[in-house]
Amino acid sequence: MDIHFGIQNIIFILALAAAIWAFARQWNKIWRNIKLGKPLDRTDQPGARWKTMARVALGQTKMVRRRYVAGFFHVVIYVGFVLINIEVAEILIDGILGTHRILQAPLGPVYDAAISFFEILAVLVIIACVVFLWRRNVQPVARLRSLSGWPKRDGNYILVIELVLMMALLSLGAAEANMNNLNTEGWLVTSQLAPLFSGLSQEALHWVERGAWWFHIIGILLFLNYLPYSKHFHIIMAFPNVWYSRLSAKGKSDNLERVKAEVQLMMDPEADPYAADAGGNGDDEDERFGAKDVQDLKWVQLMNAYACTECGRCTDSCPAHLTGKKLSPRKIMMDTRDRLEEVGQVIDQKGHWEDDGKSLLYDYTTPEELWACTTCNACVEACPVNIDPLSIIMDMRRYLVMEDSQASAQINTMMTNVENNGAPWAYAQADRANWIKE
Amino acid sequence: MAEMAAENKMPEVLFWVGCAGSFDDRAKKITKAFAKILQKAEVSFAVLGTEESCTGDPAKRAGNEFVFMMQAMQNIEVLNGYEIHKIVTTCPHCFNTLANEYPDLGGNYEVQHHTQFINKLLEEGRLKVEGGHFKGKRITYHDPCYLGRANQVYEAPREVIRKLDAELVEMRRCKSNGLCCGAGGAQMYKEPEPGRKDINIERTEEALETKPEYVAAACPFCNTMMTDGVKNSEREGDLPVLDVAELIAQAEDL
C-alpha cells in the first residue's frame, strides 16, 4: 500500500474533527430544544415501528405516492446520497491515512463496478437537482411558489451545493483518468469526461485532482454543518420521526389526562373533594390545558418541526388552504420550529429559559388559522415523513377554548348545547327518539 | 334498549343514532332507512332513545376536553350499564369517537359503521339487493374524513354501491386523498373563516366533474354539505345526494 502521510493529512484530520465537533454541538442544542417538550411514551410496539420506518423513511413509500415527478427524482437524490456515501467513507479513510483510493487494489473489478455505479448516480443526482431547481424557480409548482425569503433560499442552496459536490466528484475522476500512474479505465462516466482535462500537464492534473478532492470533502463537512440550520435536516430527522410517529387510527385524538382525572372525580359520588392531590399529580398544577407555546407541546411534536422539509404536500392537500383560508399546515410546522429556535436562543444567551413575552400562539400562529381547520387529517396523510400538524392545531385550539375562552359565539352556543341538551343543537333530550314515530 | 333490558333480552347490536340522526330532518331519513334495513335483515337491534347523548365529538374537536369528557363518561356509564358490546352507527364522527376515544375512558366496544354492517349483511346473505333501481346509474361516492382517512374504511361503502349494479365513478380526489366536505372539526356549527370559496362548493364541483346521476355519502354532515353544494350549483332537482343506507332502502323499496 502506498502511504504518503503528510501535512495534508494533519490538516484533514483537524478539519474533520472540527466539523464533527461543530455538528455535535448543534445536534445537542437541537435535542435540548426537542426535550423542552412534554414527555410522551412512544416506545410501544417496537416491531411495528421498525416496519413503519423501513417502509416510510427508508422505503420512501409516501414520497412516490401520487407525486410521480417529485417522487422519482427525490428517490434518485436519496439513493445517490446514501450510496455515494460509501465512496465518501473511502475518502475519509484516504484523508486520514494518506492513501489513494485504499479499496481499489483489494476489491479490483468490484471496485471499478462500484465506482461506475456511483458515477452514474452522480450524473442522475445532477439531473435531479436541475429538475428541482427548475421546479422551484423557473416554473415553480404551486406548493413551492408560495415560499419566499429564507425558506426559498434554503431550498436553492441545498440543490446548488449538491450539484456542485457531484460535479467535484466527477471532476476528480476525470482528472484521475488522465493521470499516467492510475488505473481508471473501468470507470464508466469519468472515462467519458476525461477529454475535459486531456490538455493538462501531469503536474496540473495533480493539482486539479487534489483541488477537486479537497473541494468535495470540505464541501461535505460544511454541508453537514449547514444541516442543523436548514430544512435539509430532514435527512436525519425523518428516521426517528417516522419511528416515533403515531400508530393508532388517525381519527384518534388524545384524551387530556388531567381533564380525565378531574371529570372522573366530579362524577364519582364517593370522591372526597377536599382530598389532597385531587387532580392526579400535584406538580401538574401550573400545567396549561392545551398549548400556548412550544414548551406546552409534546417532544414528538417538536421533533416533527425539525423533521419538516417544507415540501408543502400538507398545505397542498388542506381543504382550508385550497379554498383560500389562512391555514397552512406547513406554516404550523415552520412556526413551531422558528419559535422553538427562538426559545433555544434565549436559553443559549441566558443559560436558562426566561419569559420573552412571546408565544407560538398569537405571535406566530393566529387563532384565525387554527379555527379554519376541519380536522380532516389530509395533512397527516400527505406528509412523507408522518408529521402530525393536526395534533399541534388541536392543542392550540384547546388552549384557546379552555384557557383563553376564545371560542366564537357560535362555537360557544354549540358547546353549551352539548353540555345542557346532549346535542350540538338546542333540541330537547326528550325528543331524541321522535324519529321512530314519524 | 331499556325495554329490552327489562325483558332480560340482549340485542345483536346497539344502533347508535347520533344527534344528527335524531334531530336533523334530513339525517332522520337516513336513520329510518338504516332501521328499515336492519328490520328487513331481521337483525335484533335496540336504540338508547332518550338515554343516548352526544358523544362529545364536536366539543372535543372545538378544543373543549371538559365537555367531551363529561359526555363520554356519562355515555360509557349508560352503555356499560346495559353491558353493550356491539355498536353500529350511521355517523362517522360518533363511530370514530366511540371506537378510538372511548376505550381510554373505560368504554370498550366493537364499533362498526353502518356501511360496514350493511356490507356484511349482504356478504352473509342476510340481506339481498337487486340492482334494478340503480342499475347502470353513475354514482360518485364522497369519502367522509372520519370514516376514510381517520379509520381506513374505504372499501365497505364502495362494495355496497357496486352490489347495486351501479357504475361507481371516482372523483379526482378520493379515498386517502379525498377532500373534506368542510363540516368536520366543529366547522358545522360556525361560519367558515374568510377565504375564496366554501369547502363544500369546491367538493361539489369535484363531484359534478364526474357527471354523476347520484352523489352517495356515508355521513349525515357530509350529506348536508354536499346537498347545500348541489343546491348552490342549481342541480337540486336532478341530482340527489343520498346516504349509502338510503340507496339500499330505495333499491329494495323499503
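Keep in mind that what you see is a predicted model, and the values were worked out from it rather than measured.

Conventions used here
- Within each chain, residue numbers correspond to sequence positions counted from 1 in written order.
- Note on labels: chains are lettered from A, ligands numbered from 1, in written order.
- In keeping with the predicted nature of the model, local features appear solely for residues at pLDDT of at least 70, side-chain atom pairs appear and are counted solely at 80 or more, and the whole-chain, interface and lining totals rest on all residues.
- Between N-to-C directions, angles cover 0 to 180 degrees, with each direction set by a line fitted to C-alpha atoms, over the stretch in contact for helices.
- Going along the chain from the N terminus, every DSSP run of H or I of four or more residues is numbered as a helix, and every run of E of two or more is numbered as a strand.
- In what follows, roughly perpendicular refers to angles from 65 to 115 degrees, roughly parallel to angles under 35, roughly antiparallel to angles over 145, and oblique to any angle outside these ranges.
- What counts as a contact here is a pair of residues whose C-beta atoms, placed from the backbone, lie within 7 Å.
- Side-chain classes follow a simple rule in which Ala, Val, Leu, Ile, Met, Phe, Trp, Tyr, Cys and Pro form the nonpolar group, Asp, Glu, Lys and Arg form the charged group, and the remainder, Gly included, forms the polar group.
- Between any two strands, at least two bridges found by DSSP are needed for them to pair.
- Throughout the structure description, domain borders are defined by an automatic or database domain assignment.

### Remarks on the packing of helix α1 (residues 7-34) of chain A against helix α13 (residues 299-307) of chain A
All names here are of chain A.
Right, on to step 1. Running from N to C, α1 and α13 cross one another at 140°; their axes reach a closest spacing of 8 Å. Between α1 and α13, the angle falls in the class oblique. Only W299, L302, M303 and Y306 of α13 make contact with α1, whose side of the interface consists of I30, N33 and I34.
Right, on to step 2. The residue makeup of the contact of α1 with α13, split by class, is six nonpolar, one polar and no charged.

### Re the sheet that holds strand β3 (residues 86-89) of chain B
Residues and elements named next belong to chain B.
Right, on to step 1. Strand order across the open sheet formed by four strands is β2-β1-β3-β4, with parallel pairing between neighbours. Two strands bound the open sheet, and with one partner strand each, they are β2 (45-46) and β4 (110-113).
Right, on to step 2. With respect to the sheet, helix α7 (residues 114-123) is in contact with β3 and β4, its orientation differing from that of β4 by roughly 85°.

### A few points about the domain arrangement of chain A
Residues and elements named next belong to chain A.
Right, on to step 1. On domain assignment, one finds that chain A holds domain 1 (7-34 + 67-243) and domain 2 (257-268 + 286-429).
Right, on to step 2. For domain 1 versus domain 2, the distance between C-alpha centres works out to 39 Å.
Right, on to step 3. Of the residues lining the interface, 18 residues belong to domain 1; the matching set on domain 2 comes to 18 residues.
Right, on to step 4. The element that contributes the greatest number of residues to the side of domain 1 that touches domain 2 is helix α11 (residues 234-243), accounting for six residues.
Right, on to step 5. Residues of the side of domain 1 that touches domain 2, tallied by class, amount to eleven nonpolar, four polar and three charged.

### A short note on the pairing of strand β1 (residues 13-16) of chain B
All names here are of chain B.
Right, on to step 1. Sheet topology note: the β1/β2 ladder contains two bridges and is parallel. Each bridged residue has a counterpart across the sheet, and for V13 the counterpart in β2 is F45.
Right, on to step 2. In this sheet, β3 lies alongside β1 in parallel orientation, the contact comprising three bridges. Within β3, the position partnered with L14 by the bridge is I87.

### A look at the interface of chain A and chain B
Right, on to step 1. If you look at the interface, chain A gives 57 residues, while chain B gives 56 residues.
Right, on to step 2. Contributing elements (two or more residues each) for the side of chain A that touches chain B: α12 (257-267), α15 (319-322), α18 (367-371), α19 (378-382), α20 (389-403) and α21 (409-421) of chain A.
Right, on to step 3. Along the lines of polarity and charge, the residues of the side of chain A that touches chain B split into 29 nonpolar, 15 polar and 13 charged.

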